[in-house]
Amino acid sequence: MAETSDFKAEPPAGIDSIGASSEGASLYELIREDIIEGRLAANERLVVTDLARRHGTSTNPVREALQLLRGEGFVTFVANRGARVRPIDQDFVRDIYEIGVLIEPALTRWFVNMATVEDIAELERIQGLIEENNFADTYRHSELDTAFHTVMYQRHYNRHAAELWWKHREVLRAVSRRFNFTLARRAAILREHRELIALVKAGEADKAADLISRHVEGSGRHVLEQMRARNAARAG
């Protein structure tokens with residue numbers, strides 16, 4: 001059994017988690033964090049030479065990182081105006097999780113019909129680690145939770161759907177890191193994971209798909225509520 005401190009979620013097979021050189025990937029994470037934390041303001045222009053100077057690198061890795069961020073929706077490109085920071089607002093989060101509500105039930109339904117004894121054992125193993133961690137380390141929880149869902153989606157024949165799920169999952173993970181889980185959300189996650197495992201064991205594909213739809217929507221709404229509360233606190 002892996003220790004939670006050493007656990008890191010990996011994307012489904014055949015899907016590159018970032019798809020960049022090591023320097024481009026490093027810059028991608030740094031710039032993404034600056035956007036999420038507001039150090040790069042909404043609609044701020046992103047000048048390649050300025051970013052290269054700021055991070056002590058050449059312009060090629062910066063361009064690479066900006067293209068990755070564009071693919072995830074953090075950066076927009078406008079003809080003759082260059083790259084700008086996309087506002088990380090409630091609409092942005094809502095759009096992403098609503099796509100998950102559409103995609104994940106289909107992936108889950110297929111998984112239930114194809115699940116093996118080994119798949120179920122792996123879900124139970126990871127869920128055991130999630131419960132052992134019990135949200136004490138939210139980063140560990142995020143890695144384990146992502147791994148739990150990856151078990152269900154990693155073999156799906158529609159690689160485009162699996163890749164879209166992974167990319168959107170990574171965006172929501174990055175945004176939600178700023179917030180703590182409420183007690184109600186913690187309880188819901190643990191309960192719904194256990195219910196999902198039971199439905200997989202029973203071969204209840206439609207019920208599992210319905211549950212994952214509620215699970216994803218609950219996660220998205222939780223982030224939205226946290227964003228609203230944070231904005232209200234700042235305004236007050």
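Quick notes on the rules
- Residues numbered from 1 in each chain as written.
- Predicted model: local features only at pLDDT ≥ 70, side-chain atom pairs only at ≥ 80, totals over all residues.
- Heavy atoms only, no water.
- Helix = DSSP H or I, 4+ residues; strand = E, 2+ residues; numbered from the N terminus.
- Rg over C-alpha atoms; globule rule 2.2 N^0.38 Å.
- Buried < 20%, exposed > 50% of the residue type's maximum accessible area, 1.4 Å probe, protein only.
- Contact = heavy atoms within 4.5 Å.
- Areas by Shrake-Rupley, 256 points an atom, 1.4 Å probe, with all protein chains shown as cover.
- Lys, Arg positive; Asp, Glu negative; His and termini not counted.
- Charge placed at Lys NZ, Arg CZ, Asp CG, Glu CD.
- Salt bridge = Lys/Arg side-chain N within 4 Å of Asp/Glu carboxyl O.

An unreviewed UniProt entry annotates the protein as DNA-binding GntR family transcriptional regulator of Mesorhizobium sangaii.

A.B. asks: Would you mind going over the overall build of the protein with me for this structure?
C.D. replies: A count of helices and strands for the protein gives 9 helices and 3 strands. Computed over its C-alpha atoms, the radius of gyration of the protein comes to 19 Å, within 12% of the 18 Å expected for a compact globule of 236 residues. The principal-axis extents of the C-alpha atoms in the protein amount to approximately 55 × 45 × 35 Å. Taking all 236 residues of the protein together, the buried fraction comes to 45%. Pairs at least 24 apart in sequence give 74% of the contacts found in the protein among residues at least 6 apart. Accessible area for the protein stands at about 12,000 Å²; split by element, carbon and sulfur atoms hold 49% of it. Mean positive and mean negative side-chain charge positions of the protein (33 and 36 charges, respectively) differ by 6 Å.

A.B. asks: What's the story with the pattern of salt bridges in this structure? I'm lost.
C.D. replies: Close approach of charged atoms lets side chains of opposite charge pair. Considering all chains together, one arrives at 21 salt bridges under this definition. The partner of R39 in a salt bridge is D34, with the nearest N and O atoms 2.7 Å apart. Among the residues examined, R39 registers a relative accessible area of 49% and is labelled partly exposed. The buried category is assigned to D34, whose relative accessible area is 7%. Residues D137 and R140 are paired through a salt bridge, measuring 3.3 Å at the closest nitrogen-oxygen approach.

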